[in-house]
Amino acid sequence: PLELRVSYRTLGRGPHRDGTGWVVNMSRAGILVLAQHEIGLGARMKLSIEWPSLLYGRVPLRFVTVGKVVRCDASSFAVTVVRYEFRTAKRKVTSIDAGGRWASTIDA
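Numbers given for residues are sequential positions, taken from 1 along each chain in its written order. Two thresholds apply to this predicted model, a pLDDT of at least 70 for residue-level local features and 80 or more for giving and counting side-chain atom pairs, whereas whole-chain, interface and lining totals are computed over all residues. Excluding hydrogens and water, the side-chain figures rest on all heavy atoms present in the structure.

Undergrad: Mind laying out the confidence of the model for the protein chain, listing which residues take part and the relevant values?
TA: The quantity called pLDDT is the predictor's confidence in a given residue, expressed from 0 to 100. Here the protein chain averages 84 in pLDDT, and 82% of its residues register 70 or above. Contact criterion: two residues are considered in contact whenever any of their non-hydrogen atoms come within 4.5 Å of each other. This stretch, residues 93-97, has a pLDDT under 50; its non-local contacts, to residues over four places away or in other chains, come to 15 contacts. Here residues 100-108 is modelled with pLDDT under 50, and outside its nearest four sequence neighbours on either side it reaches 23 contacts, counting other chains as well.

Printed below as a string of structure tokens:
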């Protein structure tokens, strides 16, 4: 089982849905997502998944895929993987003040 953060959005005509959720399992052919919204069967989706490993040990990656919903219920949907790519993601940088206390977090 996986617990990878995912953001998603529907593509094409009709009502658009944007949201976040969790990938609970993933294979070469498809991805199962626990979601905020009920997504309709046949909807085209774009998923952006926080990848668990870093490029060169320091650069965060995202697995971005486009697919079609082949199974759904009120709290999850399954998407076939049509195409995918890895993209670099912004890093969260936390600055620490002189006293060792957390000061702020920014995207780098």
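Undergrad: Requested: an account of unusual backbone geometry, with residues and values cited.
TA: In the Ramachandran plot, Y56 falls in the positive-phi region, its phi being about 55° despite a non-glycine side chain. Every helix listed is a DSSP run of H or I at least four residues long, and every strand listed is a run of E at least two residues long, numbered separately from the N terminus. In this structure, Y56 sits in the loop between β4 (44-50) and β5 (61-72).

Undergrad: Quick one: what's the story with the pattern of salt bridges, residue by residue and with numbers?
TA: The term salt bridge refers to a side-chain nitrogen of Lys or Arg lying within 4 Å of a carboxyl oxygen of Asp or Glu. As enumerated under the stated definition, the model contains 2 salt bridges in all. Note that E50 is salt-bridged to R62, the shortest N-O span being 3.9 Å. Here E50 is found in strand β4, whereas its partner R62 is found in strand β5, with 12 residues between them in sequence. E85 is the partner of R87 in a salt bridge, and the nearest nitrogen-oxygen pair spans 2.4 Å.

Undergrad: Give me the sheet that holds β5: which residues, what numbers.
TA: Taking strand neighbours around the barrel as the criterion, the 6 strands line up as β1-β2-β3-β6-β5-β4 in a closed arrangement whose pairing is antiparallel. Sheet twist, expressed as the mean angle between neighbouring strand axes with direction ignored, is 45°. A pair of strands is considered paired only if DSSP assigns at least 2 bridges between the two. With 7 bridges connecting them, β4 and β5 associate as antiparallel partners. Each bridged residue has a counterpart across the sheet, and for R44 the counterpart in β5 is K68. Throughout, an axis means a line fitted to C-alpha atoms (over the contacting stretch in the case of helices), and angles, computed between N-to-C directions, take values from 0 to 180 degrees.

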